[in-house]
Amino acid sequence: MPKIDKTVKNETIYILYFEIVLSAVMQSVFLIIGKWDLSVLLGNLLSGSAAVLNFFLMGLSVQKAVEKEEKDAKKIMRISQTYRTLFLFVIAAIGVYFSVFNTIAALVPLFFPRIAIALRPLFSKKNNTDTQNGETDEK
Amino acid sequence: MLELAIGIILGGCALGAGMAMIAGIGPGIGEGNAVAKACEAIGRQPESKGDVTTTMLMGCAIAETTGLYALVIAILLLFFAPGHFVNILINALG
């Protein structure tokens, strides 16, 4: 198994933290409007974990692609994207088809990584400091 | 007549889902181009590999959201919309 790049690890952890925080917010909203039940939690767990896994797999593909030639890198990313979209399709279909998962709770967490990235500039100062420290450690 | 109407609804939903997934092509091409350019940049400046990878990961995730929107629309059209539309039709016909 190839060694996981430090950048990929850090970014996945960042996305994972945000996924947990935003999932908690979503659960709170369901609780406040009085529509919370176990299916909301199950749907959230299903698609939340799928979203983080999708980001991690994308990171691994990027890590693999940057070590290749330009042409191969393009090919790797296209193949990876196709398989990851298929994976998300299956997860979303399971979330919508089976009544054990709440439909909204099974679809909304797929967009949480996008929200995490949109909010990234707010935390960029801290992350820059972390990266610089990381580079110092490596040297 | 009702069967024909239901068939048209189901066919329309399936066609719509298929057409929505055309948007899934774009992110693949975009990500491929971004990574190819990143390879070029890293080749020129190997010391900037960490920064380039971070920026590229974020860019790829953003590009992929477009595909995700299409995916969710397709899923809703396949699993959610047909039943909803058929119910509306049956209610309208009484």
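Refer to the structure presented above.
Residues numbered from 1 in each chain as written. Chains lettered and ligands numbered in written order. Predicted model: local features only at pLDDT ≥ 70, side-chain atom pairs only at ≥ 80, totals over all residues. Heavy atoms only, no water.

**Student:** Explanation requested: the state of the cysteines in the structure shown.
**Tutor:** Chemically, a disulfide is nothing more than a covalent bond linking the sulfur atoms of two cysteines. Considering all chains together, one arrives at zero disulfides over all chains under this definition. Between Cys39 of chain B, a free cysteine, and Cys60 of chain B, which holds the nearest cysteine sulfur, the sulfur-to-sulfur gap is 11 Å. (Disulfide = S-S within 2.5 Å.)

**Student:** I would appreciate a short explanation of the environment of Gly18 of chain B in the present structure.
**Tutor:** All names here are of chain B. On the secondary structure map, Gly18 appears in helix α1 (residues 2-20). Relative accessible area serves as the criterion here: at 42%, Gly18 is assigned to the partly exposed category. As a C-alpha pair, Gly18 and Pro82 span 64 residues in sequence and 14 Å in three-dimensional space. (Helix = DSSP H or I, 4+ residues; strand = E, 2+ residues; numbered from the N terminus. Buried < 20%, exposed > 50% of the residue type's maximum accessible area, 1.4 Å probe, protein only.)

**Student:** Where do I start with the nonpolar core in this structure?
**Tutor:** In globular proteins that are soluble, nonpolar side chains generally tend to be buried together. Grouped together as the largest cluster of nonpolar side chains are 30 residues, with contacts concentrated most on Phe55 and Val62 of chain A together with Val35, Met56 and Cys60 of chain B. When contributions to this core are tallied by element, the ones reaching two or more residues are α1 (6-32), α2 (38-65), α3 (70-97) and α5 (112-118) of chain A together with α2 (25-44) and α3 (49-93) of chain B. Here this core takes seven residues from α1 of chain A, the largest share from any one element. Judged by nonpolar contacts, the second largest core, of 16 residues, contains Ile91, Ala93 and Leu107 of chain A together with Ile75 of chain B. (Core = buried A, V, L, I, M, F, W, Y, C linked by side-chain atoms within 4.5 Å.)

**Student:** Just to check I follow, could you spell out the packing of aromatic side chains for this structure?
**Tutor:** How two aromatic rings sit relative to each other is set out by the distance from centre to centre and by the angle between their planes. On inspection of all chains with the given rule, the structure shows four aromatic pairs over all chains. Where Tyr14 of chain A meets Phe18 of chain A, the ring centres are 5.2 Å apart and the plane angle is 55 degrees; that geometry is what we call tilted. One end of the pair is Tyr14 of chain A and the other is Phe18 of chain A, both in helix α1 and four residues apart, which spans about a single turn. What makes Tyr14 of chain A buried here is its relative accessible area of 9%. The interplanar angle of 85 degrees and the centroid separation of 5.4 Å between the aromatic rings of Tyr97 of chain A and Phe98 of chain A together place this pair among those described as edge-to-face. Residue classification places Phe98 of chain A among the partly exposed residues on the basis of a relative accessible area of 42%. Within the aromatic cluster, the residues linked to one another by ring pairs are Tyr97 and Phe98 of chain A together with Phe79 of chain B. (Phe/Tyr/Trp six-rings, centres within 6.5 Å; stacked < 30°, edge-to-face > 60°.)

**Student:** Is there a simple way to explain the side chain of Ser39 of chain A in this structure?
**Tutor:** Residues and elements named next belong to chain A. For Ser39, the position within the fold is in helix α2. Among the polar contacts made by the side chain of Ser39, one reaches the side chain of Asp37 at a distance of 2.7 Å. Beyond its immediate stretch of four places on either side in the chain, Ser39 contacts Ser99, Val100, Phe101 and Asn102. (Polar contact = N/O pair within 3.5 Å; in protein donor to acceptor, adjacent residues only side chain to side chain. Contact = heavy atoms within 4.5 Å.)

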